[in-house]
Amino acid sequence: MRKDFAVRAHDIPGTDDLELLTRNVKKRHIHTLAFAPAISLAATTQGGDKVSTGLANYVRRSFAADDIEIGTLSCYVNLIDPDINKRTKVINRFQHYLQLAPSFGTNIVATETGSVDPAFAFTKANFEPGPFETLLDTVSQLLPVAHEFGTLIALEPGVNHPLYSLTRTEQLLSHFNHDPALTLIIDPINLILPDKDNVKAILKEAFERFNSRIVAVHLKDYAWTPDAPRLLKTVVPGTGQVDFRQLLEIAEHYQPFGLKCLDELPNRHRR
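First things first, this report covers the structure right here in the doc. All figures in this text were calculated on a predicted structure; none of them were measured in a lab.

**Topic: the pairing of strand β3 (residues 69-74)**
Reasoning step 1: When you tally the buried positions in β3, you get five out of six residues, the bulk of the element.
Reasoning step 2: Sheet topology note: the strand β2 (residues 32-35)/β3 ladder contains four bridges and is parallel. If you follow Ala 34 over to β3, its bridge partner there is Thr 72.
Reasoning step 3: Crossover connection from β3 via helix α4 (residues 84-104) to parallel strand β4 (residues 108-112): handedness right-handed.

**Some details on the sheet that holds strand β7 (residues 214-219)**
Reasoning step 1: With respect to topology, eight strands assemble into a closed barrel ordered β1-β2-β3-β4-β5-β6-β7-β10, the strand pairing being parallel. Across the sheet, the mean angle from the axis of one strand to that of its neighbour is 30°, orientation sign disregarded.
Reasoning step 2: Strand direction decides the pairing type here: β3 and β4, joined by two bridges, are parallel. Residue pairing in the sheet places Leu 73 in a bridge with Val 109 of β4.

**Observations concerning the pairing of β7**
Reasoning step 1: In terms of burial, β7 is a largely internal element, six of the six residues being buried.
Reasoning step 2: Direction of pairing for β7 relative to strand β10 (residues 260-262): parallel, over a ladder of three bridges. The residue bridging Leu 219 from the neighbouring strand is Leu 262, located in β10.

**Overview of the packing of aromatic side chains**
Reasoning step 1: As enumerated under the stated definition, the model contains five aromatic pairs in all.
Reasoning step 2: Their ring planes at 70° and their centres at 5.9 Å tell us that Phe 122 and Phe 127 sit as a pair that is edge-to-face.
Reasoning step 3: Using a relative accessible area of 21% as the deciding quantity, one classes Phe 122 as partly exposed.
Reasoning step 4: Both rings, one in Phe 127 and one in Tyr 164, keep their centres 4.1 Å apart while their planes meet at 25°; by these two values the pair is stacked.

Parameters and conventions
- Residues numbered from 1 in each chain as written.
- Predicted model: local features only at pLDDT ≥ 70, side-chain atom pairs only at ≥ 80, totals over all residues.
- Heavy atoms only, no water.
- Buried < 20%, exposed > 50% of the residue type's maximum accessible area, 1.4 Å probe, protein only.
- Helix = DSSP H or I, 4+ residues; strand = E, 2+ residues; numbered from the N terminus.
- Pairing = 2+ DSSP bridges.
- Right-handed = clockwise from strand over helix to strand, strands pointing away.
- Axes fitted to C-alpha atoms, helices over the stretch in contact; angles between N-to-C directions.
- Phe/Tyr/Trp six-rings, centres within 6.5 Å; stacked < 30°, edge-to-face > 60°.

See the structure below:
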C-alpha cells in the first residue's frame, strides 16, 4: 500500500519558476502539495494579491502533467487583524481563494487563524474572548462563499492564535453547528504549550474529537529552548524530538491514505 507524503511547495526550490518547481517536486517523488501562491509565486502574484482563474488553471495543468496535485490551497492571513481595514482585505482575499480553489484542482483553502500581535509572537492576549469573537465574525463572512462554490475552509489551531486548543476548536465548530464547510488542519506541534504536553496524545485526541472535520495533518520537528516564550523551536525533520513513526501510525489508523504534510524541509531557500 503506497502512502504518500505531501509537502509545502515553498519548501521546494523554485520560487516564481513553475517549471523549476515542478521538476524539483517530481525528482523528489512527491505527488501532493500544500500550495501558497503568495509564497511560491511571490513576485508573480505580488504577494498573493494577483491570483486569477487563468493563473490557477495554468498552475493546475503544469502540475498535473507530472502527476502532481494541490492538496490544499494555502492562504495564510490574519483573520483577526485588529486593523479593520486590513482585516477587510484579508476577508476579501480568502473569499477570492475559496472561489478559485477548484481551478487550482482542490476544494480546500487553508490558513492559521491569526493573532492580535502583528509579529505573531506568543501572547495570552489571543486567549481572551475578544479575539475569538472576531474570529467568529470573520468565519461567518467566509462560510457563505464556501457554500456557494462548494469549497472548504480549513483552519489550523495553534497556541499563537485565538484557536489555541482543542477545546477552543470545539467551541468554534459548535458555534457554527459543525457546518460541513468548516474543517481543520491539525499540526500537533502547534498545540504544545508547557513541557508536559504530549504530541502523540494531542494528535490522538484531535482525531477522537474531530476526525470527520480533519482534512490534513501537518507534521514538523522541534527541540526545546527553555529561554524562549513557547519553550520550543522548529527544526529540520528528523533532528528533533518528534517520533514521526508514532504520529504517522496514529494518522493512518484514523484516516487511511489521509493527507499528511511534512513542514519545514531543510532546502526551501535553495534553487
